[in-house]
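Given next are the chains, with one letter for each unit.
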Amino acid sequence: MTAFLADLGFDIVEHQQFDDHVSGNFYLRTAFTAGAPDASPTPHTAELLTEAFAPLAKDFGMEFAIEVAS
């Protein structure tokens with residue numbers, strides 16, 4: 001996730017992780033902001049980032065959501 005965001009020019013401002021040993025799940029929450037407007041050729045929308053990240057998530061068997069913070 002961090003390499004994906006960094007490669008697109010985003011700035012990671014918060015990163016938290018949690019292992020649930022009972023369920024065996026790993027949870028990750030990453031907050032990020034857009035870098036310089038010209039830092040990435042990819043438009044900065046949750047929908048387009050979700051589409052771009054989906055193949056990588058599939059490779060690792062991840063369930064994920066990209067949402068705009070309110």
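Calculation rules
Residues numbered from 1 in each chain as written. Predicted model: local features only at pLDDT ≥ 70, side-chain atom pairs only at ≥ 80, totals over all residues. Heavy atoms only, no water. 1 Å grid on protein atoms, 1.4 Å probe; cavity = no way out; pocket = protein on both sides within 12 Å on 5 of 7 lines; lining within 4 Å. Points joined across faces, edges and corners; volume = space filled by probe spheres on them. Helix = DSSP H or I, 4+ residues; strand = E, 2+ residues; numbered from the N terminus. Nonpolar A, V, L, I, M, F, W, Y, C, P; charged D, E, K, R; others polar. Contact = heavy atoms within 4.5 Å. Salt bridge = Lys/Arg side-chain N within 4 Å of Asp/Glu carboxyl O.

Asker: Describe the layout of surface pockets, with residues and values.
Answerer: Of the volumes computed, that of the largest pocket is approximately 960 Å³. Looking at the largest pocket, it is lined by 25 residues, and the ones nearest its centre are Met 1, Leu 28, Thr 30, Ala 65 and Ile 66. At the level of secondary structure, the elements contributing two or more residues to the lining of the largest pocket comprise β2 (25-34) and α2 (46-60). Element by element, the count of residues in the lining of the largest pocket is highest for β2, at 10 residues. Its residues assigned to classes, the lining of the largest pocket shows 17 nonpolar, 5 polar and 3 charged.

Asker: I'd like a rundown of the environment of Thr 2, residues and numbers included.
Answerer: Along the chain, Thr 2 turns up in helix α1 (residues 2-7). When residues no more than four places from it in sequence are discounted, the contact partners of Thr 2 are Ile 12 and His 15.

Asker: I'd like a rundown of the pattern of salt bridges, residues and numbers included.
Answerer: Inspection of every chain in the model, using the stated rule, returns 1 salt bridge. Two residues, Arg 29 and Glu 14, come together in a salt bridge whose shortest N-O distance is 2.8 Å. Pair noted here: Arg 29 is in strand β2 and Glu 14 is in strand β1 (residues 10-20), with a separation of 15 residues, a long-range link.

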